[in-house]
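# Observations on the three-dimensional arrangement
The primary structure of each chain is shown beneath.
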Amino acid sequence: MTLPISFEFFPPKTPEGVAKLRGVRQQLYALAPEFCSVTYGAGGSTQAGTFAVVAEMLAEGAQAVSHFSCIGATRASVRAQLAELRAMGVTRLVALRGDLPSGYGAGGEFQYASDLIAFIRAETGEHFRLYAACYPEMHPQARSPQADLQALAAKVRAGADGAITQMFFNADAYFRFVDEVRALGLEVPVVPGIMPITNSSGLLRFADNCGAEVPRWMRLRLQSLGNDVAAIKDFGLDVMARQCERLIQGGAPALHFYTLNQAAPTLALCQRLGLGR
């Protein structure tokens, strides 16, 4: 199948993690992703690590995409970081407001991701292809679903070329969200974010923290499997393959996989779906 796919990594904190991620990337490159992105810690706390992984991926011949957040940033600091990324050869960014680090008060010269996107466009023109984040089940801090949709509209009108969703486990939520996006006159691609299921407790905790609903039947099934790692992986592969099949059949323009710096779960899912090279 020729549907575009992409992968997300996070910057490792240890030399062992750095070495492991190099091997993971090589395995996933075999699927010929459109791009690979690297996350950015709260308040830009992983900037050095993020840029280092991006530089390695560029050297490996990959289309490397840096996440770029603006919480606590100034126009001068963003201008300098954009210049660094351009010099590295980066041509795509995931532009985000970002999360506040623990104990960090409000600050910086950017309030919203749309402010950052507008600034990047003003500073660099069309050099960067810009992706925004979006939330089929509503951002946990949004006042309402309508307000969340308007936030995405502001990002697109500021210059975002596309949007990548938060993970979700209800394809109907994605399709409804896309319908609502189109009803606002926004024609940018909305790419589903896919989280392979490899364990129960970590997935449920992560989903609860980011506001992604785990359907009751799925939550109960995962809980019933206890610590049976093999059974959880088999169940997760079946569930996510069916969801991805629905998304593809429903017209999703691409799939973006949250790898958590692991190769096997994403490889298994892509192979089940016939995606990649």
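Note that the coordinates shown come from a computational prediction; the quantities given were computed from them, not determined experimentally.

Right, let's talk about the overall build of the protein for a bit. The helix and strand inventory of the protein stands at ten helices and eight strands. Its C-alpha atoms give the protein a radius of gyration of 18 Å, within 12% of the compact-globule value 19 Å for 277 residues. For the protein, the spread of C-alpha atoms along the principal axes amounts to about 50 × 45 × 40 Å. In the protein, of all internal contacts separated by at least 6 residues, the share reaching a separation of at least 24 is 78%. Accessible area for the protein stands at about 12,600 Å²; split by element, carbon and sulfur atoms hold 51% of it. In the protein, 25 side chains carry a positive charge and 24 a negative one; their mean positions are 1 Å apart.

Using the criterion set out here, one finds twelve salt bridges in the structure. With a closest N to O distance of 2.9 Å, E109 and R75 form a salt bridge. Within this pair, whereas E109 is found in the loop between β4 (92-96) and α4 (113-124), its partner R75 is found in helix α3 (residues 75-88), the two being separated by 34 residues in sequence. One network of salt bridges, with partners in common, ties together R22, R25, E56 and E60.

As a further point, take helix α6 (residues 171-183). In this model, α6 (13 residues) spans 19 Å end to end at C-alpha, consistent with the 18 Å of a helix rising 1.5 Å per residue. In this fold, the buried residues of α6 make contact with β5 (129-134), α5 (145-158), β6 (162-167), β7 (190-194) and α9 (229-249). At the N-terminal boundary of α6, the capping side chain belongs to N170, with an oxygen 2.9 Å from the backbone nitrogen of D172.

Among the five residues in β7, five count as buried, and that is most of the element. Of the two faces of β7, both are covered, the one formed by V190, P192 and I194 as well as the one formed by V191 and G193. Bridge analysis of β6 against β7 gives three bridges, and the strand direction is parallel. Note that in β7 the partner of M167 across the bridge is G193. Taken together, β6, α6 and β7 form a β-α-β motif whose crossover is right-handed. Bridge analysis of β7 against strand β8 (residues 255-258) gives two bridges, and the strand direction is parallel.

As a further point, take the packing of α9 against helix α10 (residues 264-273). Contact pair α9 / α10: the axes reach a minimum separation of 10 Å and the direction vectors enclose 50°. Taken together, the axes of α9 and α10 are oblique relative to one another. Note that α9 runs across α10; the crossing there is right-handed. The segment α9 lies against α10, with L237, D238, M240, A241, C244 and E245 engaging A268, L269, R272 and L273. The class makeup of the residues in the contact of α9 with α10 is seven nonpolar, no polar and three charged.

Rules used throughout
Residues numbered from 1 in each chain as written. Predicted model: local features only at pLDDT ≥ 70, side-chain atom pairs only at ≥ 80, totals over all residues. Heavy atoms only, no water. Helix = DSSP H or I, 4+ residues; strand = E, 2+ residues; numbered from the N terminus. Rg over C-alpha atoms; globule rule 2.2 N^0.38 Å. Contact = heavy atoms within 4.5 Å. Areas by Shrake-Rupley, 256 points an atom, 1.4 Å probe, with all protein chains shown as cover. Lys, Arg positive; Asp, Glu negative; His and termini not counted. Charge placed at Lys NZ, Arg CZ, Asp CG, Glu CD. Salt bridge = Lys/Arg side-chain N within 4 Å of Asp/Glu carboxyl O. Expected span 1.5 Å × (residues − 1). Polar contact = N/O pair within 3.5 Å; in protein donor to acceptor, adjacent residues only side chain to side chain. Buried < 20%, exposed > 50% of the residue type's maximum accessible area, 1.4 Å probe, protein only. Pairing = 2+ DSSP bridges. Right-handed = clockwise from strand over helix to strand, strands pointing away. Axes fitted to C-alpha atoms, helices over the stretch in contact; angles between N-to-C directions. Parallel < 35°, antiparallel > 145°, perpendicular 65-115°, else oblique. Left-handed = near helix turned anticlockwise from the far one by under 90°. Nonpolar A, V, L, I, M, F, W, Y, C, P; charged D, E, K, R; others polar.

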